[in-house]
Amino acid sequence: MLGGELAPGEWVGQDVGMAKTKAKKPSRKGASSQASHNIREVISHAEELLHATTGDLGEKAREVRHQLVRKLEAAKEKFQDLDDVKEAAEEGMKEADRMIRKHPYESVGVALVAGLVIGALLNRR
């Protein structure tokens, strides 16, 4: 940077050599939705493969295909159950947040008593 001109790649206010960068942490919600999307995509691709192989198959291939169909159905059911559990947990967290905001002092008191009880139980011999 000479004579007040910006060099290529520089911007106003940039401190050359002293610039600090923060790595952006992925959010849990974003990571969770990405994992959910990936699992759904794998199941979808497996189903497409099953439909593509419905033609003439040997006995062993039919047996393997039948096992794969059963396992895919089980995976879909478990995935749906996990989605249901996730939704219930999120609703429970929202309700707890609402109650804490509605009754902040009582919430602190309950947390204090719970901490004392847990501490007393852990320190007992």
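Owing to the predicted nature of the structure, the values given are computational and were not obtained by experimental measurement. Residue indices begin from 1 for each chain and proceed along its sequence in written order. Two thresholds apply to this predicted model, a pLDDT of at least 70 for residue-level local features and 80 or more for giving and counting side-chain atom pairs, whereas whole-chain, interface and lining totals are computed over all residues. With hydrogens and water stripped out, all remaining heavy atoms of the structure feed into the side-chain values.

A. Spotlight on the overall build of the protein. Counting its regular elements, the protein contains three helices and zero strands. Secondary structure elements follow DSSP: runs of H or I no shorter than four residues count as helices, runs of E no shorter than two count as strands, and numbering proceeds from the N terminus. Listing every helix and strand of the protein by position from the N terminus yields α-α-α. A total of 125 residues make up the protein; the buried ones form 6% of that total. All accessible-area figures derive from a Shrake-Rupley calculation using a 1.4 Å probe, and residue coverage is judged against the displayed protein chains alone. Of the roughly 11500 Å² of accessible surface on the protein, a fraction of 61% belongs to carbon and sulfur atoms. Exposure categories follow from relative accessible area, calculated using a 1.4 Å probe and restricted to protein chains: below 20% of the type maximum is buried, above 50% is exposed, and the middle band is partly exposed.

B. Focus on the pattern of salt bridges. Each reported salt bridge corresponds to a side-chain nitrogen of Lys or Arg within 4 Å of a carboxyl oxygen of Asp or Glu. As enumerated under the stated definition, the model contains four salt bridges in all. For Arg 98, the salt bridge goes to Glu 95, with nearest N and O atoms at 2.9 Å. Of the two residues, Arg 98 and Glu 95 are both situated in helix H2 (residues 59-102); the distance of three residues between them amounts to about one turn of the helix. Overall, the relative accessible area of 36% leaves Glu 95 in the partly exposed class. Taking the shortest distance from any N to any O, the salt bridge between Arg 101 and Asp 97 comes out at 3.0 Å. Placement of the pair is Arg 101 and Asp 97 together in helix H2, with a separation of four residues, close to one helical turn. Owing to a relative accessible area of 66%, Arg 101 belongs among the exposed residues under this scheme. A relative accessible area of 36% means that Asp 97 is categorised as partly exposed.

C. Up close: a nonpolar patch on the surface. Like charges within 9 Å and nonpolar side chains (Val, Leu, Ile, Met, Phe, Trp, Tyr) within 5 Å are joined into patches, using only residues over 30% in relative accessible area that form no salt bridge. A surface patch of nonpolar side chains, about 270 Å² in accessible area, is lined by Val 113, Val 117 and Leu 121. Within the element layout of this structure, Val 117 appears in helix H3 (residues 104-123). The partly exposed category is assigned to Val 117, whose relative accessible area is 44%.

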